[in-house]
Amino acid sequence: MITNLPELIVDKKNPFMNCKLSREGYANILTQIVSKYEKGGVVAINGKWGIGKTTFVRMWKQSLEN
């Protein structure tokens, strides 16, 4: 298990620019889903440790802020 990888830089203008796993499509689908819930909701992103959940959420967050 690799534990000391450098943190991926999330570009403010293009959050998925440095993503090598083509995760932008997943973010677009999740954005469509959560935008339909006016009163809020909960999203669970499940995966093994080190798979990139936090990095994905950081990219998705910046995308939503843009």
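Because the structure is predicted, anything quoted here is derived from the model rather than measured.

## Considerations on the environment of C19
With respect to the helices, strands and loops of the structure, C19 is situated in the segment before α1 (24-34). Sequence spacing of C19 and G47 is 28 residues, and the spatial spacing of their C-alpha atoms is 17 Å.

## Observations regarding the pattern of salt bridges
All chains considered together, the criterion is met by 2 salt bridges. The shortest N-O distance in the salt bridge between R58 and E7 comes to 3.3 Å. Taken together, the residues span a long stretch of sequence, with R58 in helix α2 (residues 53-65) and E7 in the segment before α1 at a distance of 51 residues. Note on R58: relative accessible area 29%, which makes it partly exposed.

## Examining unusual backbone geometry
Although it is not a glycine, S22 sits at a positive phi angle of roughly 55°. With respect to the helices, strands and loops of the structure, S22 is situated in the segment before α1.

## Some points on the packing of aromatic side chains
Counting across every chain of the model gives 1 aromatic pair. Both rings, one in F56 and one in W60, keep their centres 6.0 Å apart while their planes meet at 25°; by these two values the pair is stacked. One end of the pair, F56, and the other, W60, are both in helix α2, 4 residues apart, so they sit about a helical turn from each other. The buried category is assigned to F56, whose relative accessible area is 7%.

About the thresholds
Residues numbered from 1 in each chain as written. Predicted model: local features only at pLDDT ≥ 70, side-chain atom pairs only at ≥ 80, totals over all residues. Heavy atoms only, no water. Helix = DSSP H or I, 4+ residues; strand = E, 2+ residues; numbered from the N terminus. Salt bridge = Lys/Arg side-chain N within 4 Å of Asp/Glu carboxyl O. Buried < 20%, exposed > 50% of the residue type's maximum accessible area, 1.4 Å probe, protein only. Phe/Tyr/Trp six-rings, centres within 6.5 Å; stacked < 30°, edge-to-face > 60°.

None of the figures reported here should be taken as evidence of function without further support.
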